[in-house]
Amino acid sequence: MESLSERICFNLAKSKVLKRQEGNAGERSATYDQGAYGDWRKEELQNQYLDHFSFDDIRGKDVVDFGCGGGELAILVGENGAKSVLGLGVDRHQFSLASGRAERGETPSNVEFRLSESTTSIDLPDESADVILCFDVLEHILDYREILPEWRRVLRPGGRVLIWWMPYYHPWGHHVESLVPLPWAHVVFPEKAVLSTCARIYDMPEFKPRIWDLDDAGNKKPNKWLGMEELPTLNKLTIAGFEKLCRETGFGFARREMVPISSSGPARTVSSALIRLPKMREFFPSVAIYALQK
């Protein structure tokens, strides 16, 4: 029997989805086209790096791009001063995109991609890297308790991990915005209500599937949300939990910055004030920036 929270969540999400698709309000057209999505993703990662870090951070250094995806960030730093770049990934589809770029000669000679068979260890020698990049990936590292010590192990003394991260209690930390375009839906509603809404929205004839919802033939994939019990590929890591684990692992914080949700106006003033409060900072940063130091 449908609960009240499931009914409310679905009705709110349905209204927002239909409004978005009718007027393209808040829609990202690149999510409907593979080529356009690749271009958008490349630009997004470049902006994530250039808005918060400098090429001085990687110049002349051995760099590991942890969770390299299609290889866009690895190529960027490889072209801009890194001594060497190793892109590590566990997703075979994304790895095929990265390795395909290398095969077509689209990567500089100092960039290499490698598919990792383990999610709990890094197949690199001790103290073999100067910098580890972790951009738009941390929330998807399910075995993060094992990986943080691995980061520290492979870093040379004084080495750093540069992180761009969307914490779990971010307004869109549920990562199902296309199906449930409601900020903080995972905070306001029980997870069961969010998942049942995903399943119902996905099956709506009006719902326009994104590229990740389509198979190789361009057909809509079966509804994976049916019967799902928790949000997929999310570790639900909080800022407080992450920082606690960093300290336990022996990392220092060379940099720690919470970027306000809004970029200007009264909303920025309010969010800037809220992220300074220990409990509120979980909910109001648009992004968390870290430089962990060994």
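Conventions and cut-offs
- Along each chain, residue indices are assigned from 1 in the same order as the chain's sequence is written.
- With the structure being a predicted model, the display of local features is reserved for residues of pLDDT at least 70 and the display and counting of side-chain atom pairs for 80 or more, all residues being used for whole-chain, interface and lining totals.
- The basis for the side-chain values is all heavy atoms of the structure; hydrogens and waters are excluded.
- Numbering of helices and strands starts at the N terminus; helices are DSSP runs of H or I of at least 4 residues and strands are runs of E of at least 2.
- Within these notes, the globule rule equals 2.2 Å times the number of residues to the 0.38 power, and the radius of gyration is based on C-alpha atoms.
- Summary of the burial criterion: residues with accessible area below 20% of their type's maximum are buried, those above 50% are exposed, and those between are partly exposed, where the area comes from a 1.4 Å probe applied to protein chains only.
- The contact criterion used throughout is that any non-hydrogen atoms of two residues lie within 4.5 Å.
- What sets the accessible areas is the Shrake-Rupley method with a 1.4 Å probe; for residues, cover comes only from the shown protein chains.
- In this tally, Lys and Arg are treated as positive and Asp and Glu as negative; His is ignored, and so are the chain termini.
- The location of each charge is read from NZ of Lys, CZ of Arg, CG of Asp or CD of Glu.
- At least two DSSP bridges between two strands are required for those strands to pair.
- What makes a nonpolar core is a set of buried Ala, Val, Leu, Ile, Met, Phe, Trp, Tyr and Cys residues whose side-chain atoms join them at distances within 4.5 Å.

1. Some thoughts on the overall build of the protein chain
Thinking step 1. Broken down by element type, the protein chain carries nine helices and seven strands.
Thinking step 2. Relative to the 2.2 N^0.38 estimate, which gives 19 Å for 294 residues, the radius of gyration of the protein chain is 20 Å and therefore close to what a compact globule would have.
Thinking step 3. With respect to the principal axes defined by its C-alpha atoms, the protein chain has extents near 55 × 50 × 35 Å.
Thinking step 4. Here the protein chain holds 294 residues, and the buried ones make up 46% of them.
Thinking step 5. Excluding contacts between residues fewer than 6 apart, the proportion of contacts in the protein chain whose partners are at least 24 apart in sequence is 71%.
Thinking step 6. Carbon and sulfur atoms make up 51% of the accessible area of the protein chain, which amounts to about 14,700 Å² in all.
Thinking step 7. Within the protein chain, one finds 37 positive and 42 negative side-chain charges whose respective centroids are separated by 5 Å.

2. Topic: the environment of I211
Thinking step 1. Here I211 shows up in the loop between helix 7 (191-202) and helix 8 (239-249).
Thinking step 2. Given the relative accessible area of 14%, I211 is considered buried.
Thinking step 3. The sequence separation of I211 and Q34 amounts to 177 residues, and the corresponding C-alpha distance is 6.4 Å.
Thinking step 4. Ignoring sequence-local partners within four residues, the contact set of I211 consists of T31, Y32, D33, Q34 and Y37.

3. Section: the pairing of strand 3 (residues 111-115)
Thinking step 1. With burial as the criterion, only one face of strand 3 is covered, namely that bearing V111, F113 and L115; the residues E112 and R114 on the opposite face remain uncovered.
Thinking step 2. With five bridges joining them, strand 2 (residues 84-89) and strand 3 adopt parallel strand pairing. Looking at the pairing, G89 lines up with L115 of strand 3.

4. So, the nonpolar core
Thinking step 1. Core analysis: the biggest nonpolar cluster contains 32 residues, and L138, I141, W151, I163, W165, F242 and Y290 have the highest contact counts within it.
Thinking step 2. Secondary-structure elements contributing two or more residues to this core are strand 1 (62-66), strand 2, strand 4 (129-135), helix 5 (144-154), strand 5 (155-165), helix 8 and strand 7 (285-293).
Thinking step 3. By residue number, the principal contributor to this core is helix 5, which donates five residues.
Thinking step 4. The residues contacting W165, other than those within four sequence positions of it, are L138, E139, L237, T238, I239, F242, V287, A288 and Y290.
Thinking step 5. If you look at the next biggest cluster of nonpolar residues, it comprises 28 residues, including V85, A98, V111 and L162.

Geometric descriptors of this kind do not, in isolation, establish any biological role.
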